[in-house]
Amino acid sequence: SKYEYRHVILPKEMVKQMVKGRLLTEREWRGLGVQQSRGWAHYEIHKPEPHILLFRRPLGTDPRTGKVDPKLLKEAITKNSQ
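All of these numbers come straight from a predicted model, not from anything done at the bench. (Residues numbered from 1 in each chain as written. Predicted model: local features only at pLDDT ≥ 70, side-chain atom pairs only at ≥ 80, totals over all residues. Heavy atoms only, no water.)

### Some remarks on the pattern of salt bridges
Then, in step 1: Enumeration according to the criterion identifies four salt bridges in this entry.
Then, in step 2: The partner of arginine 57 in a salt bridge is glutamate 4, with the nearest N and O atoms 2.8 Å apart. Here the residue arginine 57 occupies a position in strand E3 (residues 52-58), and glutamate 4 occupies one in strand E1 (residues 3-9), the gap between them amounting to 53 residues.
Then, in step 3: On the basis of relative accessibility, which here comes to 8%, the residue arginine 57 falls in the buried class.
Then, in step 4: For glutamate 4, a relative accessible area of 28% translates into the label partly exposed.
Then, in step 5: The partner of arginine 64 in a salt bridge is aspartate 62, with the nearest N and O atoms 3.4 Å apart. (Salt bridge = Lys/Arg side-chain N within 4 Å of Asp/Glu carboxyl O. Helix = DSSP H or I, 4+ residues; strand = E, 2+ residues; numbered from the N terminus. Buried < 20%, exposed > 50% of the residue type's maximum accessible area, 1.4 Å probe, protein only.)

Structure (structure tokens):
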């Protein structure tokens, strides 16, 4: 895989505050109180459970800058191939 993944489970009542029918921008999901390092993108809506936000970011992403670091990418690929 070229990405690492994570999901965030929000309280179900927060769905009412979310924009419906499209992916959230970083500003929007951070506005809901989601806190995580840089580089994560909301990439999919799980319609049966819209309170679960699905995120991904490219392997090798520097969590401080949100940019792919070639050294970290090489380390991630090596780790995943073992």
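Read on for the rest.
### As for the nonpolar core
Then, in step 1: Val8, Leu10, Met14, Met18, Leu24, Trp29, Leu32, Val34, Trp40, Leu53 and Phe55 together form the largest nonpolar core, which totals eleven residues.
Then, in step 2: Dropping the residues within four chain positions of it, phenylalanine 55 is found in contact with Glu4, Tyr5, Arg6, Val8, Trp29, Val34, Gln36, Trp40, Ala41, His42 and Tyr43. (Core = buried A, V, L, I, M, F, W, Y, C linked by side-chain atoms within 4.5 Å. Contact = heavy atoms within 4.5 Å.)

### A word on the pairing of strand E2 (residues 41-45)
Then, in step 1: Here E2 pairs with E3 via four bridges, running antiparallel. Bridge pairing in E3 links isoleucine 45 to leucine 53.
Then, in step 2: Where E2 folds back onto E3 in an antiparallel hairpin, the turn is made up of six residues. (Pairing = 2+ DSSP bridges.)

### Focus: the sheet that holds E3
Then, in step 1: Judged by pairing direction, the sheet is antiparallel, and its three strands sit side by side in the order E1-E3-E2 without closing on themselves. In the strand order of this sheet, the two ends are held by E1 and E2, each with one partner. Between one strand axis and the next, the sheet turns through 35 degrees on average, direction left out of account. (Axes fitted to C-alpha atoms, helices over the stretch in contact; angles between N-to-C directions.)

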